[in-house]
Amino acid sequence: MKLHEIVETLALTVRAGRRSLDTEVTGGYAADLLSCAMAGAEPGNLWLTLQGHLNVVAVATLNELAGVIVTEGKPVSPDALAKADEEGLPILTTTLGTFEVAGRLWALLGATR
Amino acid sequence: MRLREVMQVTRARPILAGLDLDVEVQACFAADLMSDALRYDLEHALLISGLVNPQVMRTAEMADVAAVLMARGKVPTPESVQLAEELGIPLLGTDITMYETCGRLYAAGLPSCAPHSSQE
Amino acid sequence: MSPTEVLKAQELVYELRIGDIMSRRLVTVTADTTMREVKTILRDRRISGLPVLDGGNLAGIVSIEDLIRSLEENDLDALAGQYMTTLVHTIGEREPAVRALNVFGRLGVGRLPVVDDEGRLVGIMTPDDITRGVLRALEKAYHEEEIRRYRARHVFDDIKSDRTSLILRYDIPLRDFNRAGRASSQIKQTLNRLGVDPRIVRRVAIASYEAEMNIVIHSVAGGNLVAEINPELIALLAYDTGPGIPDIEKAMTPGYSTAPDWIREMGFGAGMGLCNIKACVDQMDLNSWPRQGTRLEAVIYLKPTEGKASDEAA
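In this report, the structure presented in the accompanying data block is examined. Within every chain, residues take consecutive numbers counted from 1 along the sequence as written. Chain letters and ligand numbers both follow the written order, the letters beginning at A and the numbers at 1. The model is predicted, so local features are restricted to residues of pLDDT at least 70 and side-chain atom pairs to those at 80 or more, both for listing and for counting; the totals for chains, interfaces and linings are taken over all residues. Note that water and hydrogens are dropped before the side-chain values are worked out from all heavy atoms of the structure.

## Here's the deal with the pattern of salt bridges
All names here are of chain C.
Then, in step 1: Each salt bridge in this description consists of a side-chain nitrogen of Lys or Arg and a carboxyl oxygen of Asp or Glu lying within 4 Å of one another. For the coordinates displayed, the defined rule picks out 30 salt bridges over all chains.
Then, in step 2: The salt bridge involving R36 is made with D77; its shortest N-O contact spans 3.2 Å. Separated by 41 residues along the polypeptide, R36 in helix α3 (residues 35–45) and D77 in the loop between α4 (64–72) and α5 (80–83) bring together distant segments of the chain.
Then, in step 3: Any residue under 20% of the maximum accessible area for its type is buried, any over 50% is exposed, and the rest in between are partly exposed; the area is computed with a 1.4 Å probe on protein chains only. Residue classification places R36 among the partly exposed residues on the basis of a relative accessible area of 39%.
Then, in step 4: Salt-bridge contacts for D117 lead to R94; the nearest nitrogen and oxygen are separated by 2.9 Å. For the purposes of this entry, the term helix denotes a DSSP run of H or I that reaches at least four residues, the term strand denotes a run of E that reaches at least two, and both are numbered from the N terminus.

What follows is the structure, encoded as C-alpha cells:
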C-alpha cells in the first residue's frame, strides 16, 4: 500500500517530506527507543513513535524507512522537520495513540510485519 | 478480554509464575516512553512496552494497570521482575514486535486507553 | 482460594509446628486391654485408632483395621497387644507440619503418634489436623490483618490535637533508575493502608511519581519529596537544589523536555509531566530559581466539597 493512501485513511497530518508520499509501505514498526528502531525497523517500514526530535530523522533515513508517524499529538521539533524535508522523509502526526494507530495500520496492511 | 486470551492472541508467555489468567483486560496502551503514559486512564489496562527497567512496573503500579506485556522479546531486568512480584502485577513476554502485538490485540477487539478526560 | 492465599497456606505448612495442630486429647489403651473394649472406645469416641502403652511407653497402635481383623477371627476377647501394629512411626512435636504431610503421603498411614523430646507420647496427629490447623492459622492471620487495617484507617480518630498530620519524608537520589519511584510507591501504599478513596490515591500517586521522576532526571544532586496527610487533604512538596527551570511557562507545555538522548533511551524525559501533575491535583504552586533549585507544592483534597473540581485535565 502506498503511503499517501495510509495518510488519507488514517487522517494523518503531513508535517514534512510531502514529496515522498508515493513510497510503498512494507509494514509497521512501533518503538520509542531509538536503539530498538535502529535494530528492528526494516526498509520501507512506517515507524510509529512518541519521539519528535532530530535523531529520529537520522535513524529513519539510515534504515530507509518509508516515514515516521509521531503519535499522541506529540510535538515535532522544527530542526527535525527541516532535516526531514531536506532528506525527503515523510513525518506524519496524529493525536491517536500508538496502540490505535498500530491496530489500524495492521488491519490495512495485513499480516506483514 | 481475559489475560489467557491476550496470551493466545499475542503468543505471550508468563515471565512470573503463578499468574491469575482470569484477570480482565479492558483496554491497551503501548509505549516505551513512560513519561506520558500516566496522562492516560490505565486502570484495568494492558500496558505494552519494550522498556526493561523497573519504571514500567512503577508506572503500572501508580496507574493500577491489569497487566504488563513486554514486546519484542525484551527481557525485563531482575529488578523489574522482582518489583512485579512484590507488587503482584502480572508480567508477560512475547517475541513479536510491539506493532504486531498492537495489531493483533486491536483486531481481537481491545480498545485503546483514553486520556483522562477529567481527573475525577 | 486466590493464588496469594494458596501461597500463604503453603508457607504455613512449613511454619506451623506439629505441637500447635495435633490433637492433645489422648485416649490410650494398654497392651492387656481386650479388643472388645477397644471396639467400644473407638465407637464411643468416634476415632479410628488408639495408641497402646506398655508401662508408659508407646508399644503400638490399634486401629479399626486391626479391630476388623479380630472381628473376622471372631476373637474380640483377645488383647490389644496381639492385634496392634507395632512398627509405629512417630513424629516430634517440634517438627514442622510439612513433615507430617510427607510421612502421611509416604506411608499411607492415617495417624501418627506425636512424641516430645524425651520420646514421651504427647498427642496424636491425623491429616485432618493439618487442614484444620492451616485453616485456623489463615483465619487468624486474616483477622490480625483486618485489625491492623482498621487501626490504620482510624489513626486520626485516636490522636488528639488541634491539627494532626502524618508526614512522610523521602530522599530522592539522582538518576538511580532502579530505585526511582520508591517514594511514590510507599506514599501510595500508605494512603491505601489509611483507607483513602482509591481514585484519590491514584491522583496523588501519579502527581507524586511525576514530581519524583523530575528530581531523579533533572536535578543536580537529587532532592526531597514530602507528603503531608491530614484528615482533610494530602499535600505534596518536591524540592531540589538546582539547576532550576529557566522558563516555567515553556516547561508546562505538553511534550516539552530538556532531557538528553540517553535519558530518553531509558524511557524517560519525553515531557516533564508538569501539566499532568496540574491535572491530578486541586492546587499546584511551582517556583524555580536558576541554579538554586525548584520547589513544587501540590494539594489534593480528600473531600470533594472542599476542593475545586479539576477541569484542567490534560
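From this point, things continue past the structure.
## Description of the sheet that holds strand β1 (residues 29–30) of chain C
Backbone-to-backbone hydrogen bonds join strands into a sheet, with any given pair of strands oriented parallel or antiparallel.
Residues and elements named next belong to chain C.
Then, in step 1: Should DSSP find at least two bridges between two strands, the strands are regarded as paired. The 3 strands are arranged β1-β2-β3 in an open sheet whose pairing can be described as mixed. For this open sheet the edge positions go to β1 and β3 (57–63), each flanked by a neighbour on one side alone.
Then, in step 2: By the bridge criterion, 6 bridges tie strand β2 (residues 49–54) to β3 in an arrangement that is antiparallel. Residue pairing for β3: L50 is matched across the bridge by V62.

## Comments concerning the interface of chain B and chain C
Then, in step 1: The contact rule is simple, with two residues in contact once any of their heavy atoms fall within 4.5 Å. Each side of the interface is counted separately: chain B has 26 residues, and chain C has 31 residues.
Then, in step 2: When two parts are brought into contact, each loses some accessible area as probed by a 1.4 Å sphere; the total of that loss over both is the buried area. For the pair chain B and chain C, the summed buried surface comes to about 2500 Å²; carbon and sulfur atoms form 51% of the total.
Then, in step 3: Viewed at the interface, chain C and chain B are joined by 3 salt bridges.
Then, in step 4: A salt bridge links D64 of chain B to R202 of chain C; the nearest nitrogen and oxygen atoms lie 2.6 Å apart.
Then, in step 5: A 3.5 Å cut-off defines polar contacts: any pair of N or O atoms within that distance qualifies, except that in protein one atom must be a possible hydrogen donor and the other a possible acceptor, and neighbouring residues in sequence count only when both atoms are side-chain atoms. Counting across the chain B and chain C interface gives 10 residue pairs in polar contact (both at pLDDT 80 or more).

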